[in-house]
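The lines below spell out each chain.
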Amino acid sequence: MRALAMMLLCLGATTIGMLLIVTMNTLAPLIMADLGIGPTVMGFAMSAITISALFSAPIVGSLIDRVNPVKIMSIGLVFMASATALTGLATTPIMLITSRVLIGLTLPVLWPSCAKLVSTYIPRSMVGVATAIYDSGAAIGLGLSYVLASMVNTNWRGALLASALLGLSYPLVFATVLRRYVDKAPAHASGDPQQPNTRRSALFLGPVALLLLSFFLTLQTWGLLTSWIPTFLVKELGFSYSEVAVYVVTASIAASIAEIFGGWLSDRLGGLRGRRFIIGVGHGITVIVLLLLYLDMGRAADLALIMIAFVAYKYASLAFWAIINDVIPAEFVGRISGLYAMSAQVSMLVAPVLYGYIIEILGYLRPGFLYSAFTLLVSSFTYLSLKPLKLVND
């Protein structure tokens, strides 16, 4: 029961966290029109969340190895929700960007905390499924942002305040429903993290750097899907938010199912071998679809291709976090996850600004699909070259 409680806790946290992160991106056309800002400024506002997260990620990762990850996660969600409410009250670009910087202070607590909880409470034979369940919150949260957008018409402030309210409420749900299943202090399989480790780490710079580079490159595609695709669908393809909501929610459900199936399959195939297979298949399909999107095959075909790309990408994405448990010793999962999250912040800082610049200069997004396909292809090879890291005795 404790394992199930952990999975549900993490799923709720990542769903709400993703909603807080992407609701502004989904509503970008409305915000740009209301505040009178262009794509480049809006892209910077999307990326601003990563500025503070870039510096806080290593600190958060270190804390996760020493303090109950559940407490850190709850505090982080409350802070993110409060900052999202400030985003909804923004009247100038500076206020908009500042509120996003504040969100980023605790953004890195979510996925690293879940990775640590999985490494602590979940049997190794279920790591793939557990990771897929909590990581599917990204797809669910993105879908919910479109639902909010379709419900508020042009009231983007109301949508942001509603998402903030959900973020403030979730820690209370955890405290009343799931807390009894969770130890106040996690039972670390590798011993008390407060005690000095008697072994020397063989986590050399090269292998860890390769892991971080892999995540940076693959998230260039996630940055595309979560930042400028909503504007692409509304502005370039001419869909309404109500129409887009139906398709994105459908794709989010399909993506969550695909991701959980991928987690189950990767566990059946076994550890690192299974994660490599999932990444190869998911990335391969996504790269092909991104190349087809560059060709402009028509409004309906483009929408279908975007949905396929989203599902295929999410099918592979469970492996991005599960692979940490395959290649990193358990006592270092929190710290390496913090660095991993820092790599994500750098990637998510670059992606929205870069794609926004492409739109600003060229007038349309399609060349960005080529860049996304290239980075995703390279990340496939770097992920496939990863090997388990070993510890050696002093």
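No experiment lies behind these values; they were computed from the predicted model shown. (Residues numbered from 1 in each chain as written. Predicted model: local features only at pLDDT ≥ 70, side-chain atom pairs only at ≥ 80, totals over all residues. Heavy atoms only, no water.)

## A few points about the overall build of the protein chain
Logical step 1: In terms of regular secondary structure, the protein chain is built from 17 helices and two strands.
Logical step 2: Split into buried and exposed, the 394 residues of the protein chain put 59% on the buried side.
Logical step 3: Put simply, of all contacts in the protein chain between residues at least 6 apart along the chain, 87% involve residues at least 24 apart.
Logical step 4: When the accessible surface of the protein chain is split by element, carbon and sulfur atoms take 71% of a total near 15100 Å². (Helix = DSSP H or I, 4+ residues; strand = E, 2+ residues; numbered from the N terminus. Buried < 20%, exposed > 50% of the residue type's maximum accessible area, 1.4 Å probe, protein only. Contact = heavy atoms within 4.5 Å. Areas by Shrake-Rupley, 256 points an atom, 1.4 Å probe, with all protein chains shown as cover.)

## Observations regarding helix α16 (residues 333-362)
Logical step 1: In this model α16 runs 42 Å from its N-terminal to its C-terminal C-alpha over 30 residues, within 8% of the 44 Å that 1.5 Å per residue would give.
Logical step 2: Downstream of α16 by one or two residues, Gly 363 has phi in the positive range, about 90°. (Expected span 1.5 Å × (residues − 1).)

## Quick look at the nonpolar core
Logical step 1: Met 42, Trp 222 and Tyr 340 are the most contacted members of the largest nonpolar core, which totals 129 residues.
Logical step 2: Per element, the largest residue contribution to this core is 16 residues, and it comes from helix α15 (residues 299-327).
Logical step 3: Beyond its immediate chain neighbours, meaning those up to four positions away, Tyr 340 contacts Leu 211, Leu 212, Phe 215, Phe 320, Trp 321, Ile 323, Ile 324 and Tyr 383. (Core = buried A, V, L, I, M, F, W, Y, C linked by side-chain atoms within 4.5 Å.)

## As for unusual backbone geometry
Logical step 1: For Asp 296, which is not glycine, the phi torsion reads 55° and is therefore positive.
Logical step 2: Note that Asp 296 resides in the loop between α14 (271-294) and α15.
Logical step 3: Accessibility expressed as a relative area gives 45% for Asp 296, which makes it partly exposed.

## Points about a nonpolar patch on the surface
Logical step 1: On the surface, Leu 291, Tyr 294, Leu 295, Met 297 and Leu 370 cluster together to form a nonpolar patch covering roughly 460 Å² of accessible area.
Logical step 2: Along the chain, Leu 370 turns up in helix α17 (residues 367-384). (Patch = residues over 30% accessible without salt bridge, like charges linked within 9 Å, V, L, I, M, F, W, Y side chains within 5 Å. Salt bridge = Lys/Arg side-chain N within 4 Å of Asp/Glu carboxyl O.)

## What about the packing of aromatic side chains?
Logical step 1: Here the structure, examined in full by the defined rule, presents 12 aromatic pairs.
Logical step 2: A centroid spacing of 5.0 Å and a plane angle of 85° characterise the contact between Trp 321 and Tyr 340, whose relative ring orientation is edge-to-face. In this pair, Trp 321 is assigned in helix α15 and Tyr 340 in helix α16, connecting sequence segments 19 residues apart.
Logical step 3: The exposure class assigned to Trp 321 is buried, which follows from its relative accessible area of 5%.
Logical step 4: The structure contains a cluster of three or more aromatic residues connected by ring pairs, namely Phe 215, Trp 222, Phe 310, Tyr 313, Phe 320, Trp 321, Tyr 340 and Tyr 383.
Logical step 5: Of note, Arg 299 hangs over the ring of Phe 239, and the distance from its end group to the ring centre comes to 3.8 Å.
Logical step 6: Residue placement shows Lys 314 over the ring face of Trp 222; its charged tip is 5.1 Å from the ring centre. (Phe/Tyr/Trp six-rings, centres within 6.5 Å; stacked < 30°, edge-to-face > 60°. Lys NZ or Arg CZ within 6 Å of the ring centre and 35° of its normal.)

## Here we look at the side chain of Ser 317
Logical step 1: Its location among the elements puts Ser 317 in helix α15.
Logical step 2: Within the local environment of Ser 317, its side chain forms a polar contact with the side chain of Asp 135, the two groups lying 2.8 Å apart.
Logical step 3: A polar atom in the side chain of Ser 317 sits 3.0 Å from the backbone oxygen of Lys 314.
Logical step 4: Those residues in contact with Ser 317, other than ones at most four positions away along the chain, are Asp 135 and Glu 259. (Polar contact = N/O pair within 3.5 Å; in protein donor to acceptor, adjacent residues only side chain to side chain.)

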